[in-house]
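Residue-level structural notes
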Amino acid sequence: MAKSANQYLCFDLGGTKLFAALINDRGRIVDHTVKRIDQSRGLGGLIENFRELGDSLDGRYKSVSVASAGPLHAERGVLLDPTNFFTDGKSWGVVPLVARLKKVFKKPVHLENDAAAAVLAEAWRGGHGRGGKNIVAITLGTGVGIGCVANGELVRAGQGLHTEVSHIPINSEDRGYPCACGAYGCIEAYLAGTHFARHLSRRLGRELDGNQCLLLAREGEETALAAFADYGRRLAEALRSVAVLFAPEVVVLSGGFTKAAPFFLPATTEHLPKLMARHREGVDLLPKIKVSKLGDKAGVLGAAYVAIHHK
């Protein structure tokens, strides 16, 4: 196992799992591991998960970097009542994650929104976005993360926050699609894998997880195929908003739900040009849609980028 200190301990914190990796300054993953999160143990249990995974990776590192689901404030190092974390039905509120992890690792700790990290990784190491100046990365998983690089720079919102594009509503009056943010019909409410599985379960009258939904589609089950086609059209509606907001040349899709891309992406690529018809004159805003080549590594690679380029 490499012992070089020219590497970083990087984490990708999602709603259901914690991915850890040692990554060198060239973006090579030296070692990695993953652990499912038991949210019933609360913040203390999560911090212990960080400690366990960090201890399991053999090698020295300069600093610790975390890409996390949001909302969060990267500079302050806090999660801001994150929409994916609940214990006994209660949200976690403001979480001083960086301060807690500094006590564990005794190293500098950096925090970044996972969607921002993903788009930085795509621009740095991705096959489709590498070197690009206008890229959007969309992570389709437990939640939905959307990050943007425009004119070669990471796009931030005001007050040091990340642009929470996934909470723009597609249909705010659709009470059948509540979002964890408290609103209805958000992009995330329609496109998060957990929401998709829940709605398909209701239509079929039995409990399904994401993998079982995908298996049904592979077996040709008509209700599942129709649900994925609906998902693809909803994704096209979300992409229209993204294209009008950020004018990306490429949109890269990543996250666990992209395993189902063969079943939803055809509907997206068919529907999106129709929605973009009035946005192609002079400057063609119809982006190319690609599935990431980074797989589940985009988050930790983005965390490494943040650590390497931290000022």
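Residues numbered from 1 in each chain as written. Predicted model: local features only at pLDDT ≥ 70, side-chain atom pairs only at ≥ 80, totals over all residues. Heavy atoms only, no water.

Observations concerning the pairing of strand 1 (residues 7–13)
Within a regular strand, side chains alternate between the sheet's two faces. Threshold: In this scheme, a residue with accessible area under 20% of its type's maximum is buried, one over 50% is exposed, and one in between is partly exposed, where area comes from a 1.4 Å probe on protein chains only. A run of DSSP states H or I qualifies as a helix once it reaches four residues; a run of E qualifies as a strand once it reaches two. Both are numbered from the N-terminal end. The pairing criterion is simple: DSSP has to find at least two bridges between the two strands.
Buried residues dominate strand 1, accounting for seven of its seven residues. The two faces of strand 1 match: Q7, L9, F11 and L13 on one face and Y8, C10 and D12 on the other face are all buried. In the sheet, strand 1 pairs with strand 2 (residues 17–24) via seven bridges, with the strands oriented antiparallel. Note that in strand 2 the partner of Q7 across the bridge is N24.

Here we look at the sheet that holds strand 6 (residues 78–80)
Pairing between sheet strands relies on hydrogen bonds along the backbone, with the strands arranged either parallel or antiparallel. The sheet built from three strands is open, its strands ordered 5-6-9 with antiparallel pairing. The two strands at the open ends of the sheet, each matched to only one other strand, are strand 5 (72–73) and strand 9 (94–95).

A look at the pattern of salt bridges
The test is simple: We define a salt bridge as a side-chain nitrogen of Lys or Arg found within 4 Å of a carboxyl oxygen belonging to Asp or Glu.
Overall, the coordinates contain ten salt bridges when judged by the stated rule. Residue E52 is joined to K35 by a salt bridge in which the shortest nitrogen-to-oxygen separation is 3.5 Å. Here E52 is found in helix 1 (residues 42–56), whereas its partner K35 is found in strand 3 (residues 29–36), with 17 residues between them in sequence. Since its relative accessible area comes to 32%, E52 is described here as partly exposed. For K35, a relative accessible area of 30% puts it in the partly exposed group. Its salt-bridge partner being R233, residue D230 comes within 2.5 Å of it at the nearest N-O pair. Separated by three residues within a single helix, D230 and R233 lie in helix 7 (residues 222–246), roughly one turn from each other. Classification of D230 as partly exposed rests on a relative accessible area of 35%. Classification of R233 by relative accessible area gives partly exposed; the value is 34%. Salt bridges linked by common partners bring R203, D230 and R233 together as one network.

Things to note about the pairing of strand 2
For strand 2, the tally of buried residues reaches seven of eight residues, placing the bulk of the element in the interior. Hairpin connection, strand 1 to strand 2: the antiparallel pair is bridged by three residues. Relative to strand 3, strand 2 runs antiparallel, the two being bridged by seven bridges. The partner of K17 across the bridge, within strand 3, is R36. Once strand 2 ends, the chain turns through four residues before running back antiparallel as strand 3, passing G27 with a positive phi of about 85°.

Brief notes about a positive patch on the surface
Applicable threshold: Like charges within 9 Å and nonpolar side chains (Val, Leu, Ile, Met, Phe, Trp, Tyr) within 5 Å are joined into patches, using only residues over 30% in relative accessible area that form no salt bridge. Here, Shrake-Rupley sampling with a 1.4 Å probe gives the accessible areas, and only protein chains in the shown set may cover a residue. We score Asp and Glu as negative and Lys and Arg as positive, and we do not count His or the chain ends. Charge coordinates come from a single atom per side chain, which is NZ of Lys, CZ of Arg, CG of Asp or CD of Glu.
Where like charges cluster on the molecular surface, the positive patch consists of K17, R36, R218 and K259. Position of K259 relative to the elements: it lies in the loop between strand 14 (250–254) and helix 8 (261–275). K259 gets classed as exposed once you look at its relative accessible area, which sits at 55%.

Considerations on the layout of surface pockets
Worth spelling out the cut-off: Only protein atoms enter the 1 Å grid used here. Points where a 1.4 Å probe fits but cannot escape make up a cavity, open sets with protein on both sides within 12 Å along at least five of seven lines make up a pocket, and a residue lines them when an atom lies within 4 Å of a point. Grid points are joined across faces, edges and corners, and a volume is the space filled by probe spheres set on the points.
One number sums up the size of the second largest pocket: a volume of about 760 Å³. Taken together, 26 residues make up the lining of the second largest pocket; nearest its centre are E112, L154, R156, V306 and H309. Looking at the lining of the second largest pocket, the elements with two or more residues in it are helix 2 (97–105), strand 10 (109–113), helix 3 (114–125), strand 13 (153–154) and helix 9 (298–308).

Details of the side chain of D114
Its place among the elements puts D114 in helix 3. Although D114 lies buried, it forms no salt bridge, and the closest oppositely charged side chain, R156, sits 10 Å away as judged by the N-O distance.

By themselves, these observations are geometric and do not establish any function.
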